[in-house]
Amino acid sequence: MYKTKAYSAAGETAPLASTTIPRRDPTEHDVQIEILFCGICHSDLHQVRNQWKSVMPTVYPCVPGHEIVGRVTSVGSAVTKFKPGDITAVGCMVDSDRTCPECQAGLEQFCPNGTLTYNTPDKHLGGVTYGGYSDSIVVDQRFVLRVPPNLSLAGAAPLLCAGITTYSPMRHWGVTKGKKVGVVGLGGLGHMAVKIAHALGAYVVVFTTSPGKKDDARRLGADEVVVSRNADEIEKHAGSFDFILDAVSAEHDINADINLLRRDGNITMVGAPDKPLPVSVFGLIFKRRSFSGSPIGGIPETQEMLDFCGAHNITADVEVIPIQKANEAYERLLKADVKYRFSIDMASLRTE
Ligand SMILES: NC(=O)c1ccc[n+]([C@@H]2O[C@H](COP(=O)([O-])OP(=O)(O)OC[C@H]3O[C@@H](n4cnc5c(N)ncnc54)[C@H](OP(=O)(O)O)[C@@H]3O)[C@@H](O)[C@H]2O)c1
Ligand SMILES: [Zn+2]
Ligand SMILES: [Zn+2]
């Protein structure tokens, strides 16, 4: 075991603050990574503030961060996929049982015994896992990914959660050329969804509550932009979408979105508001529409997404910040005031 620098929260109302945390010495299958960049996902904020206490209560101290890009510093004796110096990435999961049907299908995100990157029992050290707002991390090679060499590292980090969480349901629901796709909420996830849906060839319409994001939405790849506080503009699109991805982090009117779907259309929630959303079932019944959810993606699909982003030169639009600005970044995230993802330059932690 060794100590590494990190930022952690001591409780649900406590700010993130500088600390040190233990990491295991690499075992034979492990890769030790010096973290270069870590994205700030809204899930980090939900978890740090214990907003999901009914589903996954937070254990403190909590070190968030699951959009990790870094350089390999050492590998265990049985590691075949990576060597020191390689640029690698780690997303939302660091382990699973590897034996259940979900793992065998490469769908580790559904493993009943999975280990998330933070706030999950740590099989090696006890306590809970600690995430990427830290100097280094040690992960089994099976959960380490390769970053295409043409991508900027600060912009690639958010692909590890925002990228895969939007790519996976769009692939599952058959987003392709000729499909009309809605993206609700132009935040970290939403802006990745626009880029990926556009690259998949879909006709993309963004629904945003922020009029100031209209021009950006087009630049990111949207064919149309609707300011969703304007009921008339929404009505024009009623009954026309094949698929809608809802990436909103707070309570909102889901029935207005459901009414945008055509017959047999699907709306998938990736946004995870802490309170239940009331659904009018008639909106579903009349057009045989479906309403579903989707969590991140499995390891093979995460690598597929990274390679897809490499081939299409897709990264997140990031505002790079030092870790000392993480608390301020959380406040801005709550105001939808980031274009469109914060990416922490972890060199800032090493100067502390
Ligand atoms: N399913 C999964 O596996 C998974 C993975 C990662 C994250 N998530 C969840 O996905 C959600 C989005 O994450 P993120 O990192 O993209 O967050 P984010 O960057 O904060 O974006 C959320 C966006 O939602 C819109 N929004 C916020 N409050 C709203 C409100 N009251 N009514 C309507 N729209 C509102 C805003 O977009 P506009 O300004 O365009 O309106 C905002 O930019 C979070 O709940 C997060 O926990 C889920
Ligand atoms: Zn996330
Ligand atoms: Zn499993």
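Here, every reference points to the structure presented above.
Residues numbered from 1 in each chain as written. Chains lettered and ligands numbered in written order. Predicted model: local features only at pLDDT ≥ 70, side-chain atom pairs only at ≥ 80, totals over all residues. Heavy atoms only, no water.

1. Things to note about helix α10 (residues 299-311)
Between the first and last C-alpha of α10 there are 18 Å, a value that for 13 residues agrees with the 18 Å anticipated at 1.5 Å per step. All of the buried residues in α10 are Ile299, Glu301, Thr302, Gln303, Met305, Leu306, Phe308, Cys309 and Gly310. Where α10 is buried, its residues touch β6 (93-95), β9 (145-146), α4 (162-172) and α5 (188-199). (Helix = DSSP H or I, 4+ residues; strand = E, 2+ residues; numbered from the N terminus. Expected span 1.5 Å × (residues − 1). Buried < 20%, exposed > 50% of the residue type's maximum accessible area, 1.4 Å probe, protein only. Contact = heavy atoms within 4.5 Å.)

2. Points about the coordination of the zinc ion (ligand 3)
Taken together, the protein ligands of the zinc ion (ligand 3) are Asp97 (OD), Cys100 (SG), Cys103 (SG) and Cys111 (SG), with distances of 2.0 to 2.3 Å. Geometry at the zinc ion (ligand 3) is tetrahedral, judged from the four donor atoms that bind it and their angles of 99 to 119 degrees at the metal. Mapping the donors of the zinc ion (ligand 3) onto the primary sequence yields the spacing D-x2-C-x2-C-x7-C. One end of the pair, cysteine 100, is in the loop between β6 and α2 (101-104); the other, cysteine 111, is in the loop between α2 and β7 (115-116), with eleven residues separating them in the sequence. Cysteine 111 matches cysteine 100 in its accessibility class, with the two residues each being buried. (Donors = N, O, S within 2.8 Å, 3.2 Å for Na, K, Ca; no water. Tetrahedral: all angles 85-135°; square planar, octahedral: opposite > 155°, others 65-115°.)

3. So, the packing of aromatic side chains
Following the criterion strictly, the structure yields three aromatic pairs and no others. Here the aromatic rings of tyrosine 167 and phenylalanine 308 are separated by 5.5 Å at their centres, their planes lie at 55 degrees, and the arrangement is tilted. Taken together, the residues tyrosine 167 in helix α4 and phenylalanine 308 in helix α10 connect sequence positions 141 residues apart. Take tyrosine 167 and phenylalanine 308: they sit in the same class, and that class is buried. (Phe/Tyr/Trp six-rings, centres within 6.5 Å; stacked < 30°, edge-to-face > 60°.)

4. Quick notes on the sheet that holds strand β10 (residues 180-184)
The parallel open sheet is built from six strands, whose spatial order is β12-β11-β10-β13-β14-β15. If you trace the sheet from one side to the other, it starts and ends with β12 (224-227) and β15 (290-293), each paired once. Neighbour-to-neighbour, the strand axes of the sheet open up by a mean angle of 20 degrees, direction not taken into account. One ladder, built from five bridges, connects strand β13 (residues 241-246) with strand β14 (residues 261-269); its direction is parallel. Within the sheet, the bridge partner assigned to phenylalanine 243 lies in β14 and is asparagine 266. (Pairing = 2+ DSSP bridges. Axes fitted to C-alpha atoms, helices over the stretch in contact; angles between N-to-C directions.)

5. Examining the site of ligand 1
Near ligand 1 lie 30 residues; those nearest to it are His42, Thr208, Thr209, Ser210 and Arg341. Contact distances for ligand 1 include 2.7 Å between an oxygen atom and a backbone N or O atom of leucine 186. A distance of 2.9 Å separates an oxygen atom of ligand 1 from a polar atom in the backbone of isoleucine 296. Alone, ligand 1 offers 920 Å² of accessible surface; in the complex the protein occludes 89% of this. The set of elements that each furnish at least two residues to the shell around ligand 1 consists of α1 (42-48) and α5. Here the shell around ligand 1 takes three residues from α1, the largest share from any one element. Counted by class, the shell around ligand 1 contains 14 nonpolar, 13 polar and three charged residues. (Near = heavy atom within 4 Å. Polar contact = N/O pair within 3.5 Å; in protein donor to acceptor, adjacent residues only side chain to side chain. Areas by Shrake-Rupley, 256 points an atom, 1.4 Å probe, with all protein chains shown as cover. Nonpolar A, V, L, I, M, F, W, Y, C, P; charged D, E, K, R; others polar.)

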